[in-house]
Amino acid sequence: MKSFINNVRIAGTLVKHTLEETTYTKNGDDVECIRGEVIVRTADGGEHEVKYFANKYKKDANGQFTSEESKIYKSLQTVMAEYKTLENCPDDPDYVAIKSASFGVNDYISSNTNELVTINTVSSNFIERVITKEKIEATPATATFEVEGVIASIADEIIKNEPTGNLVVTMNVITQKRIGTGKDAKYEVNDIFPLKLIVASDLAEAFRTSFGEGSFAKLSGVLVNKTETVTTTEKQVFGDDLVKTFTNTIRRNEITSGSAPQSIYEVDLTDDICSQLISKRNAKIAEIKNGNKSSGTTSAASSTSSRSTNPFAKKNPFAK
């Protein structure tokens, strides 16, 4: 099985970070780590949050911590000690590039509604300063993505009971385990999570024509995080009209292009694998609803089966 793409690239001004050295408890022991977020501002004014986490010490082949310090941990220490942010150095912040981030998911129970909330996140291990003028010019301040997965649903976007003309696409992104290194590396499925994507109205018809639920697709696009000022006027029967101004924040992962779709079987997925991935996802959600934050333990099988049914073609049970 090939490696499925899940790549987010962000470059721009380093606004601020919340990285800190801290500890967490595992099997009764305190484990040292660095965790936090980095915020990068792109040319369109959008500010994008990327999550970071690194244990201080490497693990051996058996998953046990060694005495060798992690290179990722050391690099994040450098960010904390040396990188200049817009918050701390407003006249000379660093220009940075994050070239190997990826989409993920955060599932939790809302303390306000007691309902399950599923939001997409962006995480990475590395961030680098772009110093020379030539490299900055060759590294545009943008936030883009390229991701592969199975299209679970395509629906009209509805806001305040009115269709916007945009499409809401939910893609089941498949995470994998890598076995081996280099050219000999092989990949096995691990789990799935839903990724919410938007198709703008001008591309909606072409997208519906090209892609269908249950197909495996590679989609590219941009991360949007912008604030708009909106002014409305309410007509009055006498006197001055009521003019109201408010800000509207738009956050979305907007699809701009896509490669020709494939069937799941062309990428070595089977009905059994898909069904077990869905079961594993459902088990994780059930545990979260029951107050257990740990993931489900159902493993994805690699056996083949009849190709008469594609379980991913059903409506995504995780979409809101």
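Look up: the structure comes first, before these words.
Worth saying up front: this structure is predicted, and the values here are computed from it rather than measured.

## Notes on the layout of surface pockets
So, step 1. Taken as a whole, the second largest pocket spans an internal volume of roughly 670 Å³.
So, step 2. Along the walls of the second largest pocket sit 19 residues, with Lys-51, Phe-53, Ser-123, Ser-124 and Asn-125 positioned nearest its centre.
So, step 3. Elements with a contribution of two residues or more to the lining of the second largest pocket: strand 3 (29-41), strand 4 (47-55), strand 7 (95-109) and strand 8 (116-123).
So, step 4. With six residues, the top contributor of residues to the lining of the second largest pocket is strand 7.
So, step 5. Looking at the lining of the second largest pocket, its residues break down into seven nonpolar, nine polar and three charged.

## Describing unusual backbone geometry
Negative phi is the rule for most residues except glycine; trans is the rule for most peptide bonds.
So, step 1. Not every positive phi belongs to a glycine, and Asn-114 is a case in point at roughly 60 degrees.
So, step 2. With respect to the element layout, Asn-114 can be found in the loop between strand 7 and strand 8.
So, step 3. Residue Asp-268 is not a glycine yet carries a positive backbone phi of 70 degrees.
So, step 4. Note on Asp-268: relative accessible area 47%, which makes it partly exposed.

## Considering the environment of Val-50
So, step 1. Here Val-50 is to be found in strand 4.
So, step 2. The buried category is assigned to Val-50, whose relative accessible area is 0%.
So, step 3. Spatially, the C-alpha atoms of Val-50 and Val-8 are 9.9 Å apart, while their sequence positions differ by 42 residues.
So, step 4. Sequence-distant contacts of Val-50, defined by excluding residues within four places in its chain, comprise Ile-10, Gly-36, Glu-37, Val-38, Ile-98, Val-122, Ser-123 and Ser-124.

Conventions we followed
Sequence order as written defines residue numbering, which begins from 1 separately in each chain. With pLDDT at 70 or above as the cut-off, local features in this predicted model cover only qualifying residues; side-chain atom pairs require 80 or more to be listed or tallied, and sums for whole chains, interfaces and linings still use all residues. Working from all heavy atoms in the structure, the side-chain values ignore hydrogens and water. With a 1 Å grid laid over protein atoms only, a set of points is called a cavity when a 1.4 Å probe fits there but cannot get out and a pocket when it is open yet has protein on both sides within 12 Å along at least five of seven lines; lining residues have an atom within 4 Å of a point. Grid points are joined across faces, edges and corners, and a volume is the space filled by probe spheres set on the points. Counting from the N terminus, the helices are the DSSP runs of H or I reaching at least four residues and the strands are the DSSP runs of E reaching at least two. In this classification, the charged set is Asp, Glu, Lys and Arg, the nonpolar set is Ala, Val, Leu, Ile, Met, Phe, Trp, Tyr, Cys and Pro, and all remaining amino acids, among them Gly, are polar. Each residue gets one of three labels from its accessible area relative to the maximum for its type: buried under 20%, exposed over 50%, partly exposed in between, using a 1.4 Å probe on protein chains only. The criterion used for residue contact is that any of the two residues' heavy atoms lie within 4.5 Å.

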